[in-house]
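Observations on the three-dimensional arrangement
One letter stands for each residue in the lines below.
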Amino acid sequence: MRNHNDEFWTWIQDHLNENPAELSLKFRGKTPWFEDAIMQVQCRRKTKKKLEKELTNPQFYFPSTLSAEQCTGDQLASFHASLINTGDTVLDLTCGLGIDTLHFAEIAKSVTAIEQNPELCEALEHNASVLGFSNITVVNADCIEFLANTDEIYDVAFIDPARRGAEGERVYGLHDCSPDVITMLPSIRKHCRRLIIKASPMLDITQVIRDLPLTRSVYATGNDTECKEIVTVVDFEQNDSAEPTIHALSSSSDFAFTKSDEAAANASFSEPHGTGFLYEPNPEIMKTAPFKLLSQIFKLDKIGSNTHLYWSKNRIEGFPGNVFRIARILDYSSGNIKRFAREFPSIMVTARNFGLTADQLRKKLKVKDGGDLRLFAVSSINDKKIMIVAEEE
């Protein structure tokens, strides 16, 4: 990156709230650093919510718009950093823009950050300096070659392999990502006591545990609308027989269990009737699938064996997901289909294990999407199709 003067950084702050396209027309050719400054405005606008912590410093630098689009956000980076111990030595094998590196550095004794792209390396060195970190060492290298040539031992390695194939297509399996973490395991184990892997939310957790036999913990993390990532913690020093703990981790809950816990649990089943409450698991629960445990722990009835919704007569607190008050329960019959739009002209539609998609059902019922009510079209016990009209608590 260029050694920009104060005028460059001041200009960026002065024009943060302006349209980059209009700035481009207005300032093109007036200063030698204009294109870089425009890019900084673009990147700051793109990452305003994602990187609130870093952007408090007016000299935080982005080497490309792609680096802004692909970087980890503060919330997830903070979670990754929570998995290391105070005073650890950390090896970030695929640091990219370095947001995870910066968060590790707040806790770790030292962080060695490996990156193949020299522009990203320069940017991280600059950003670490302006943010006041003196415990980060940036190495411009391929991480496989670095491991082959180093004699250092680290407490923790962190890796976030790229999820694009040779033709730019999306890939999800650990073997298919770059670098191939599974193939790298022997060399990582030689130099690190623990390994944290950030991976696609599309991964099958059972397969992850099978591929990584020394897994200690698996985390499905995200928010109220989607599972964002699967994070696996591998402990090379643990007992081989230890069963990993699976965490369905959201902003409001951490539901932790083992596969054995779920296998031994007993769920109860019934079709909802009358008034009561409906429970919809959050995306992290849906990913990790402790469906029998939810019924057993919260004393809820599961609506169907393959319908992962629950209900109770009285409200149960602490459920990891959304809770709705049941307003109506209707059979999925021709009469109810014909009358439905007259009573509920606008309603949000969800179809679970129903045989129709939400869009198909919405068209069949002739309703608009919206309003305060939600329709859950489900198959209950004995595969009976019912429609539950509910309102979020």
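Structure report, in brief. Since we're looking at a predicted model, the values are computed, not measured.

On to the packing of helix H1 (residues 6-14) against helix H3 (residues 34-46), then. Packed helices, taken two at a time, are described by the angle their axes make and the gap between the axes. Where H1 contacts H3, the axes come no closer than 9 Å and their chain directions differ by 45 degrees. Between H1 and H3, the angle is such that the two are oblique. Along this stretch, H1 crosses H3, giving a crossing that reads as right-handed. Contact with H1, carried on its side by Phe8, Trp11, Ile12 and Gln13, involves Asp36, Ala37, Ile38, Gln40, Val41 and Arg44 of H3 and no other residues of that element. The residue inventory of the contact of H1 with H3, partitioned by class, reads six nonpolar, two polar and two charged.

The next thing to look at is the nonpolar core. Looking at soluble globular proteins, one finds that nonpolar side chains tend to be buried together. Counting residues in hydrophobic clusters, the biggest one holds 48 residues, and the most contacted among them are Trp11, Phe62, Ile99 and Ile196. Residue contributions to this core peak at six residues, all from H3. Not counting the four nearest positions on each side in its chain, Ile196 is found in contact with His80, Leu83, Ile84, Val156, Ala157, Phe158, Ile159, Val231, Thr232 and Val233. Among the nonpolar cores identified, the runner-up in size contains 25 residues, and Leu91, Ile182, Ala199 and Leu203 belong to it.

Let us now look at the pattern of salt bridges. Scanning the model with the defined rule gives 18 salt bridges in all. Between Asp88 and Arg194 there is a salt bridge whose closest N-O contact spans 2.7 Å. You can see Asp88 sitting in the loop between helix H5 (74-82) and strand E1 (89-92) and its partner Arg194 sitting in strand E5 (residues 192-199), a full 106 residues away along the chain. With relative accessibility at 7%, the residue Asp88 sits in the buried group. For the salt bridge of Glu237 with Arg193, the shortest nitrogen-to-oxygen distance reads 3.7 Å. With Glu237 in the loop between strand E7 (227-235) and strand E8 (245-249) and Arg193 in strand E5, this residue pair connects regions lying 44 residues apart in the sequence.

This part takes up H1. When H1 is considered as a whole, its buried residues turn out to be Phe8, Trp9, Trp11 and Ile12. The buried residues of H1 occupy one face: seen down the axis, they fall within an arc of 160 degrees. Along H1, the residues that are exposed and aim more than 90 degrees away from the buried face are Asp6, Glu7 and Asp14. The inward-facing, buried residues of H1 abut helix H2 (20-27), H3 and helix H7 (118-130). If you check the start of H1, you find a side-chain oxygen 3.1 Å away from the backbone N of Glu7, and it comes from Asn5.

This brings us to the sheet that holds E5. Across the sheet, nine strands lie side by side as E3-E2-E1-E4-E5-E7-E6-E8-E9; this open sheet has mixed pairing. With one partner strand each, in any of the chains shown, strand E3 (136-140) and strand E9 (254-257) form the two edges of the open sheet. Across this sheet, the average inter-strand angle for adjacent strands is 15 degrees, counted without regard to direction. Two strands pair when backbone bridges link them, and E1 and strand E4 (residues 154-159) are joined in this way by three bridges, in the parallel orientation. Bridge pairing in E4 links Leu91 to Ala157. Sitting on the sheet, H5 touches E4, E5, strand E6 (215-222), E7 and E8, and the angle it makes with E7 is about 15 degrees. Of the strands in this sheet, strand E2 (110-115) and E3 touch H7, which is tilted by about 170 degrees from E3.

Next up on the list: the packing of aromatic side chains. Within the structure shown, the criterion is met by 14 aromatic pairs. Taking the centre distance of 5.7 Å and the plane angle of 65 degrees together, the rings of Phe298 and Phe319 count as edge-to-face. One end of the pair, Phe298, is in helix H13 (residues 291-298); the other, Phe319, is in the loop between strand E13 (307-312) and strand E14 (321-331), and 21 residues separate them in sequence. Assigned by exposure class, Phe298 and Phe319 land together as buried. Three or more aromatic residues link up through ring pairs in this structure, and these residues are Phe8, Trp9, Trp11, Trp33 and Tyr61. Seen from the ring of Phe354, Lys385 lies directly overhead, with NZ or CZ sitting 5.2 Å from the centre.

Here the focus is the side chain of Lys198. Here Lys198 shows up in strand E5. At a separation of 3.0 Å, a polar atom in the side chain of Lys198 contacts the side chain of Thr72. When near neighbours in sequence (up to four residues on either side) are disregarded, Lys198 contacts Thr72, His80, Phe158, Ile159, Asp160, Pro161, Arg163, Glu229 and Ile230.

A few words now on the environment of Lys190. With respect to the element layout, Lys190 can be found in helix H9 (residues 181-191). Residue class for Lys190 comes out exposed when judged on its relative accessible area of 61%. Along the primary structure Lys190 and Asp151 are separated by 39 residues, whereas in three dimensions their C-alpha atoms are 9.3 Å apart.

The next subject is the packing of H2 against H3. Their axes nearest at 10 Å, the elements H2 and H3 cross at an angle of 170 degrees. Relative to H3, the element H2 lies roughly antiparallel. Read as a crossing pair, H2 and H3 show a hand that is right-handed. Contact with H2, carried on its side by Pro20, Leu23, Ser24 and Phe27, involves Phe34, Ile38, Val41, Gln42 and Arg45 of H3 and no other residues of that element. Partitioned by chemical class, the residues of the contact of H2 with H3 number six nonpolar, two polar and one charged.

Conventions and cut-offs
- Residues numbered from 1 in each chain as written.
- Predicted model: local features only at pLDDT ≥ 70, side-chain atom pairs only at ≥ 80, totals over all residues.
- Heavy atoms only, no water.
- Axes fitted to C-alpha atoms, helices over the stretch in contact; angles between N-to-C directions.
- Helix = DSSP H or I, 4+ residues; strand = E, 2+ residues; numbered from the N terminus.
- Parallel < 35°, antiparallel > 145°, perpendicular 65-115°, else oblique.
- Left-handed = near helix turned anticlockwise from the far one by under 90°.
- Contact = heavy atoms within 4.5 Å.
- Nonpolar A, V, L, I, M, F, W, Y, C, P; charged D, E, K, R; others polar.
- Core = buried A, V, L, I, M, F, W, Y, C linked by side-chain atoms within 4.5 Å.
- Buried < 20%, exposed > 50% of the residue type's maximum accessible area, 1.4 Å probe, protein only.
- Salt bridge = Lys/Arg side-chain N within 4 Å of Asp/Glu carboxyl O.
- Arc of directions from axis to C-beta.
- Polar contact = N/O pair within 3.5 Å; in protein donor to acceptor, adjacent residues only side chain to side chain.
- Pairing = 2+ DSSP bridges.
- Phe/Tyr/Trp six-rings, centres within 6.5 Å; stacked < 30°, edge-to-face > 60°.
- Lys NZ or Arg CZ within 6 Å of the ring centre and 35° of its normal.

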